[in-house]
Amino acid sequence: MAAQSESRDTPSIARQLRRVRTLYAGGVLLWASSSTVTAWSSPGSRSMWTSVLLLVVFTGLLGLSSWWLRRLGTERAAAGEKRPAVAVRASVPARHAPV
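Residues numbered from 1 in each chain as written. Predicted model: local features only at pLDDT ≥ 70, side-chain atom pairs only at ≥ 80, totals over all residues. Heavy atoms only, no water.

Caption draft 1: Local environment of the overall build of the protein chain. A tally of helices and strands in the protein chain yields 2 helices and 0 strands. The buried share of the protein chain, reckoned over its 99 residues, is 17%. Counting contacts in the protein chain only where the partners sit at least 6 residues apart, residues at least 24 apart contribute 60% of the total. Here the protein chain displays about 8400 Å² of accessible surface, and carbon together with sulfur accounts for 63% of that area. (Helix = DSSP H or I, 4+ residues; strand = E, 2+ residues; numbered from the N terminus. Buried < 20%, exposed > 50% of the residue type's maximum accessible area, 1.4 Å probe, protein only. Contact = heavy atoms within 4.5 Å. Areas by Shrake-Rupley, 256 points an atom, 1.4 Å probe, with all protein chains shown as cover.)

Caption draft 2: The arrangement of the side chain of serine 65 in detail. Tracing the backbone through its elements, the reader meets serine 65 in helix α2 (residues 46-79). A distance of 3.0 Å separates a polar atom in the side chain of serine 65 from the backbone oxygen of leucine 62. Those residues in contact with serine 65 that sit more than four places away from it in its chain are Leu17, Arg21 and Tyr24. (Polar contact = N/O pair within 3.5 Å; in protein donor to acceptor, adjacent residues only side chain to side chain.)

Caption draft 3: How the structure looks around a nonpolar patch on the surface. On the surface, a nonpolar cluster with roughly 240 Å² of combined accessible area is contributed by Leu53, Val57 and Leu61. Its place among the elements puts leucine 61 in helix α2. For leucine 61, a relative accessible area of 31% puts it in the partly exposed group. (Patch = residues over 30% accessible without salt bridge, like charges linked within 9 Å, V, L, I, M, F, W, Y side chains within 5 Å. Salt bridge = Lys/Arg side-chain N within 4 Å of Asp/Glu carboxyl O.)

Caption draft 4: Molecular detail of the packing of aromatic side chains. Within this structure, the stated rule accounts for 1 aromatic pair. Aromatic side chains tyrosine 24 and phenylalanine 58 sit 6.2 Å apart centroid to centroid with 75 degrees between the ring planes, which places their arrangement in the edge-to-face category. Placement of the pair is tyrosine 24 in helix α1 (residues 10-41) and phenylalanine 58 in helix α2, with a sequence separation of 34 residues. Across this residue pair, the class does not change: tyrosine 24 and phenylalanine 58 are buried. (Phe/Tyr/Trp six-rings, centres within 6.5 Å; stacked < 30°, edge-to-face > 60°.)

Caption draft 5: Examining the side chain of threonine 38 more closely. Turning to its location among the elements, threonine 38 is positioned in helix α1. Ignoring any residue separated from it by four or fewer positions in sequence, one finds threonine 38 in contact with Pro43, Ser45, Ser47, Met48 and Ser51.

Caption draft 6: Spotlight on a positive patch on the surface. On the surface, Arg15, Arg18, Arg19, Arg21 and Arg70 cluster together into a patch of positive charge. With respect to the helices and strands, the residue arginine 70 is situated in helix α2. For arginine 70, a relative accessible area of 62% gives the class exposed. (Lys, Arg positive; Asp, Glu negative; His and termini not counted. Charge placed at Lys NZ, Arg CZ, Asp CG, Glu CD.)

Caption draft 7: Structural detail: the environment of glycine 27. Relative to the assigned elements, glycine 27 resides in helix α1. Measuring from C-alpha to C-alpha, the distance between glycine 27 and leucine 55 comes to 7.5 Å, with 28 residues separating the pair along the chain.

Caption draft 8: Representation of the environment of arginine 21 within the structure. Note on placement: arginine 21 falls in helix α1. Sequence spacing of arginine 21 and leucine 62 is 41 residues, and the spatial spacing of their C-alpha atoms is 5.7 Å. Beyond its immediate stretch of four places on either side in the chain, arginine 21 contacts Leu62, Ser65, Ser66 and Leu69.

This is the structure we're talking about:
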């Protein structure tokens, strides 16, 4: 059950999924490199298969979070929600030192 302080609005869910997706991408890179090094040094060992298993787990989590983000985006579009407007700063004339 979600805590009372957690927000359930779409932008916060998408923001959290993006953070988690970055973590999973890092895990995929870590375990891919670990699997490659372990397979090179001791092919068929238990540590190699453990690295490969963790690579598969993190790849699945990365794919699942990407799928959820894509689905969340299509649901927003179907509901007619617009993206929040980007704050545009007024341009300030450049200040030059007196000559």
